[in-house]
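Coordinate inspection notes
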There are 2 protein chains.
Amino acid sequence: MNIVQSAAPPLSPEWIAAFRDIVGDKYAVTDAADIAPYLTEERGLFHGRSQLVLRPGSTAEVAAICKLATAHKIALVPQGGNTGLVGGQTAHNGEVVISLRRLDKIREIDAASNTMTCEAGVVLQIAQQKAAEADRLFPLSLGAEGSCTIGGNLSTNAGGTGALAYGVAREMALGLEVVLADGRVLNLLSKLKKDNTGYDLRNLFIGAEGTLGIITAATLKLFPKPRAIETAYVGLKSPADALKLLSISQSMVAGSLTSFELLADIAVDFSIRHGIDIRDPLTSKHLWYVLMELSSSRDDARDALEAILAKGMEDGIVDDAVIAANLSQRAAFWKLRDEMSAAQKPEGGSIKHDISVPVAAVPAFIAEADAAVVKLIPGSRPVPFGHLGDGNIHYNVSQPIGANTADFLARWHEVNAVVFAIVMRMGGSISAEHGIGVLKRDELPDVKDKVAIELMRGIKALLDPLGIMNPGKVLWS
Amino acid sequence: MNIVQSAAPPLSPEWIAAFRDIVGDKYAVTDAADIAPYLTEERGLFHGRSQLVLRPGSTAEVAAICKLATAHKIALVPQGGNTGLVGGQTAHNGEVVISLRRLDKIREIDAASNTMTCEAGVVLQIAQQKAAEADRLFPLSLGAEGSCTIGGNLSTNAGGTGALAYGVAREMALGLEVVLADGRVLNLLSKLKKDNTGYDLRNLFIGAEGTLGIITAATLKLFPKPRAIETAYVGLKSPADALKLLSISQSMVAGSLTSFELLADIAVDFSIRHGIDIRDPLTSKHLWYVLMELSSSRDDARDALEAILAKGMEDGIVDDAVIAANLSQRAAFWKLRDEMSAAQKPEGGSIKHDISVPVAAVPAFIAEADAAVVKLIPGSRPVPFGHLGDGNIHYNVSQPIGANTADFLARWHEVNAVVFAIVMRMGGSISAEHGIGVLKRDELPDVKDKVAIELMRGIKALLDPLGIMNPGKVLWS
């Protein structure tokens with residue numbers, strides 16, 4: 001992949017000094033060793049380069065940085081927890097990195113209005129904890145929650161395992177504070193559920209991956225904290241049966257169904273084989289599994305879950321099932337699921353997809369993609385798993401046993417093309433929840449409505465006329 | 001209010017002929033008597049003028065109309081069910097009206113994916129009915145549902161009584177089809193809950209009141225149809241107690257609480273006095289009332305509602321309450337609520353507000369607004385009612401008994417100013433669910449973030465460079 005946009009010119013000592021004046025000596029990082037952690041990411045897929053990492057401590061400092069960057073046409077890469085999966089947070093071409101992690105204040109929790117106003121650098125898990133302390137739920141939840149930040153979650157419109165009932169990150173933001181490329185501060189902070197005063201600007205910045213402005217704070221929705229959560233691990237024969245179980249569940253408990261994850265047997269096998277302390281929750285093997293969860297404010301979740309599973313067995317859909325007897329068993333079920341990505345590594349090269357299709361099309365998608373991928377690379381091993389309730393499958397493909405990993409990974413785009421063709425035919429998305437970044441930027445024009453791309457370019461030019469905001473991400477500038 | 005932007009020049013016969021060629025003779029309305037219904041609205045507040053109403057039958061025809069309008073710089077006003085409350089759908093200055101009502105096909109219902117794809121002219125009630133026939137719920141619900149259309153609902157981001165649990169119109173649209181000013185068709189139709197491929201363009205058009213493009217179709221979310229709905233009518237002492245009851249309800253049943261309406265005694269009195277066949281559900285009088293509703297997929301709603309009311313009584317919040325014994329009693333409760341706007345008419349002039357504040361601020365807002373309004377116009381009668389669960393109050397003010405109606409209504413903007421000042425101090429919105437149109441356009445710059453207004457103007461110029469799309473609405477062009 002060609003990720004070089006245009007190499008940024010070296011920063012002059014004067015400019016570095018001017019930036020340092022804004023954030024203070026301590027928070028202008030210029031030492032290569034100190035910069036290094038901001039330039040690599042966990043999987044080692046992307047490596048950036050930069051002379052300067054700025055760690056502003058306030059919205060005003062972010063605004064001053066952007067104003068200066070505009071004056072000298074200096075490119076900026078905003079960064080939260082550095083956990084993104086598409087290279088969006090990496091300075092590929094010598095840009096100045098703005099780490100938002102010091103903007104870590106929770107400005108207000110208004111439990112009676114069910115809102116929480118957080119700065120961009122608040123770690124997701126902290127936001128969850130603070131909401132819980134106020135007897136509320138902040139339902140965004142994903143693997144990286146211990147280090148990803150609210151600003152990054154919103155900039156990438158994160159999904160995760162709670163989206164089925166509570167929506168994606170976009171749906172959790174009532175208000176935003178955004179610093180624009182030229183340093184103007186757009187104040188859309190609001191606790192209002194209903195506000196029809198003019199165009200919706202908030203959603204332009206959510207999911208824009210920092211290419212239109214820098215989110216510095218957000219007012220988030222809180223929800224009543226569930227009193228009871230019940231979790232089941234179910235063995236079944238096919239994605240079609242899992243879809244039927246989803247339908248039964250939704251008709252029986254509607255919004256109380258808060259997670260519904262589909263897991264292929266191979267994905268479960270990898271987790272059990274390579275994860276630490278992971279055991280099979282069921283005594284016999286099945287071709288497919290579902291990890292499902294009900295949340296309720298009352299003490300009825302257990303009965304409801306048992307009724308769903310009983311109906312599933314009666315209909316011949318559910319072959320076996322176990323309900324978590326306690327919190328540690330629940331945690332064990334989720335660990336099996338959460339380790340699924342990591343557990344693919346010991347199996348060699350893995351070509352990843354984060355796709356979505358209409359929920360009803362998931363079984364057909366998996367069948368067609370499996371056939372197409374195995375035809376393209378005989379012996380390759382599809383490892384599909386993910387959020388069936390959202391039509392979002394992490395359709396990963398592990399290399400054939402004993403194959404050369406580099407040779408297999410060299411076919412990344414070939415495999416993508418085969419999978420994406422099926423996705424597009426079904427009205428799906430090539431990036432359900434991870435975004436575009438640089439990883440999928442070159443595919444975007446092929447899969448997106450032409451007029452939509454034209455409008456995106458127009459909006460980019462309007463908000464970032466100099467092309468200094470996270471250049472080369474999402475769109476070629 | 002000055003609603004004249006710049007009078008459109010008369011249409012030449014050639015242009016009229018060219019538009020007629022697009023939609024066909026039958027659907028190019030030029031007779032003044034036939035045009036009249038498109039130029040007036042129910043309350044008689046706005047009267048437009050136009051030489052030509054076009055009734056296209058397809059997206060392609062809408063696109064051809066826009067292309068021609070761009071070529072000759074002819075202004076267009078899109079219109080759905082003509083039920084808007086802020087003059088947004090009215091051709092104030094001789095624009096060509098495009099009525100979308102013939103775009104009335106439901107293109108697809110995909111019950112397994114929980115989606116429905118409707119054209120813009122589908123009447124809301126028809127959409128509700130078709131969803132119900134597929135054993136699903138389309139939860140958008142408002143007074144005008146018998147005549148308003150999906151396109152208008154989305155263009156104004158309608159709210160209504162179901163927003164508490166299901167969200168406003170914006171949150172129900174997964175995908176959109178939009179015709180741009182120059183006739184390009186933007187295809188964002190999608191059944192996907194998760195799609196992070198580029199900027200969110202959909203939300204730009206939702207709530208833009210037809211000023212950025214014309215919504216021609218949408219893919220809407222469907223929900224499981226509730227099996228049980230239980231409705232209570234509650235008498236209590238104050239908005240503060242109503243807020244406590246809301247909090248108790250949400251902690252006990254979370255998302256199962258699907259409506260929570262606060263009604264002042266005077267609003268109830270007006271309904272009973274002036275409505276037809278409306279009776280007081282309770283035997284004694286109270287200062288405030290709550291109309292609340294629980295929906296459930298199971299048979300537990302009745303028990304849950306009783307538990308909430310019992311807790312409310314125990315805490316001294318609920319003074320009296322009655323649960324609807326059957327569907328006709330439920331309908332009677334809602335009729336009392338639904339007649340509330342109409343029932344203000346026989347009481348003389350009424351100065352209307354559709355405001356929202358953070359939910360927790362509603363009691364303080366009502367107290368402060370009451371005091372300020374009565375101080376400004378002694379004897380004036382505030383009639384607050386609305387969606388407490390959303391912080392959205394229809395804060396209407398009836399004239400003093402025996403006062404001159406015209407003199408009272410002449411003070412509309414003075415009263416607005418007093419109320420809006422309190423709203424803004426509390427971080428609220430001057431238009432929670434009705435939009436801006438022309439009615440609140442001149443107030444918008446005073447209440448909206450300056451940078452937001454600048455961005456709105458930039459986006460308007462990008463998408464409608466000639467200023468032909470519903471000119472003079474939302475923004476002065």
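To keep things clear, this report deals only with the structure shown in the data block.

The rules behind each value
Residues numbered from 1 in each chain as written. Chains lettered and ligands numbered in written order. Predicted model: local features only at pLDDT ≥ 70, side-chain atom pairs only at ≥ 80, totals over all residues. Heavy atoms only, no water. Helix = DSSP H or I, 4+ residues; strand = E, 2+ residues; numbered from the N terminus. Rg over C-alpha atoms; globule rule 2.2 N^0.38 Å. Buried < 20%, exposed > 50% of the residue type's maximum accessible area, 1.4 Å probe, protein only. Contact = heavy atoms within 4.5 Å. Areas by Shrake-Rupley, 256 points an atom, 1.4 Å probe, with all protein chains shown as cover. Lys, Arg positive; Asp, Glu negative; His and termini not counted. Charge placed at Lys NZ, Arg CZ, Asp CG, Glu CD. Buried area = accessible area lost by both parts, 1.4 Å probe. Salt bridge = Lys/Arg side-chain N within 4 Å of Asp/Glu carboxyl O. Polar contact = N/O pair within 3.5 Å; in protein donor to acceptor, adjacent residues only side chain to side chain. Axes fitted to C-alpha atoms, helices over the stretch in contact; angles between N-to-C directions. Parallel < 35°, antiparallel > 145°, perpendicular 65-115°, else oblique. Left-handed = near helix turned anticlockwise from the far one by under 90°. Nonpolar A, V, L, I, M, F, W, Y, C, P; charged D, E, K, R; others polar. Phe/Tyr/Trp six-rings, centres within 6.5 Å; stacked < 30°, edge-to-face > 60°. Core = buried A, V, L, I, M, F, W, Y, C linked by side-chain atoms within 4.5 Å. Pairing = 2+ DSSP bridges.

1. Re the overall build of chain A
- The number of helices and strands found in chain A is 17 helices and 19 strands.
- In summary, chain A has a C-alpha radius of gyration of 23 Å against a globular reference of 23 Å for 477 residues, a match within 12%.
- Along the first, second and third principal axes, the C-alpha set of chain A runs to 70 × 55 × 45 Å.
- Across the 477 residues of chain A, 60% fall into the buried class.
- Taking the intrachain contacts of chain A between residues at least 6 apart in sequence as the baseline, contacts between residues at least 24 apart amount to 73%.
- By element, 55% of the accessible surface of chain A is carried by carbon and sulfur atoms, the whole surface being about 16,900 Å².
- The positive charge centre, built from 46 side chains, and the negative charge centre, built from 54, are 3 Å apart in chain A.

2. Looking at the interface of chain A and chain B
- The interface is formed by 87 residues belonging to chain A together with 87 residues belonging to chain B.
- Approximately 6,600 Å² of surface area, both sides summed, lies buried where chain A meets chain B, with 56% of it carried by carbon and sulfur atoms.
- Among the residues chain A hides against chain B, the three largest losses belong to A:Lys194, A:Asn196 and A:Tyr199. Together they make up 16% of the total.
- On inspection of chain A and its partner chain B, the count reaches twelve salt bridges.
- Between B:Glu433 and A:Lys194 there is a salt bridge, and its shortest N-O distance comes to 2.9 Å.
- Linking chain A with chain B are 46 residue pairs in polar contact (both at pLDDT 80 or more), by the criterion used here.
- Of all the elements in the fold, those that place two or more residues in the side of chain A that touches chain B are α6 (163–166), α7 (169–172), β9 (185–188), α8 (202–205), α9 (239–253) and α17 (450–463) of chain A.

3. Comments concerning the packing of helix α1 (residues 13–23) of chain A against helix α3 (residues 59–72) of chain A
Residue and element names in this part refer to chain A.
- The geometry of α1 relative to α3 is characterised by a closest axis approach of 9 Å and an angle of 165° between their N-to-C directions. Classed by the angle they form, the pair α1 and α3 counts as roughly antiparallel. As for how α1 packs across α3, the hand of that crossing is right-handed. Taken together, the residues of α3 that come into contact with α1 (itself represented by Trp15, Ala18, Phe19, Ile22 and Val23) are Glu61, Ala64, Ile65, Leu68, Ala69 and His72.
- Here the residues of the contact of α1 with α3 sort into nine nonpolar, one polar and one charged.

4. Points about the packing of aromatic side chains
- Under the defined criterion, the tally for this structure stands at eight aromatic pairs over all chains.
- Ring plane angle 45° and centroid distance 5.8 Å describe the contact between A:Tyr233 and A:Phe333, whose orientation is recorded as tilted. Taken together, the positions of A:Tyr233 in strand β12 (residues 228–236) and A:Phe333 in helix α12 (residues 327–338) put the pair 100 residues apart, joining distant regions of the chain. Comparing A:Tyr233 with A:Phe333, the two get one shared label, buried.
- Where B:Tyr166 meets B:Phe223, the ring centres are 5.0 Å apart and the plane angle is 70°; that geometry is what we call edge-to-face. Highlighted residues: B:Tyr166 in helix α6 (residues 163–166) and B:Phe223 in strand β11 (residues 223–224), separated in sequence by 57 residues.

5. Details of the nonpolar core
- In this structure, A:Phe138, A:Phe205, A:Tyr233, A:Met292, A:Phe365, B:Phe138 and B:Phe205 are the most contacted members of the largest nonpolar core, which totals 159 residues.
- Residues B:Leu309, B:Ala361, B:Trp412 and B:Val415 belong to the second largest nonpolar core, which totals 70 residues.

6. As for the sheet that holds strand β4 (residues 96–99) of chain B
Residue and element names in this part refer to chain B.
- Strand order in the open sheet formed by four strands is β1-β2-β4-β3, with mixed pairing between adjacent strands. The outermost strands of the open sheet, each flanked by one partner alone, are β1 (28–29) and β3 (76–79).
- The sheet contact formed by β3 and β4 spans four bridges and is parallel. Looking across to β4, one finds that leucine 76 is bridged to valine 96.

7. Some details on unusual backbone geometry
Residue and element names in this part refer to chain A.
- Its identity is not glycine, yet lysine 73 carries a phi of approximately 55°, on the positive side.
- Within the secondary structure, lysine 73 is located in the loop between α3 and β3 (76–79).
- The phi angle at valine 474 is positive, at roughly 65°, despite the residue not being glycine.

8. A closer look at the sheet that holds strand β10 (residues 214–221) of chain B
Residue and element names in this part refer to chain B.
- Spatial ordering of the open sheet is given by β5-β6-β10-β8-β9, a layout of five strands whose pairing is antiparallel. Edge positions in the sheet fall to β5 (106–110) and β9 (185–188), since each has one partner strand and no second. Taken pair by pair, the neighbouring strands of this sheet meet at an average axis angle of 10°, ignoring direction.
- With six bridges connecting them, strand β8 (residues 173–179) and β10 associate as antiparallel partners. Bridge pairing in β10 places valine 178 opposite isoleucine 215.

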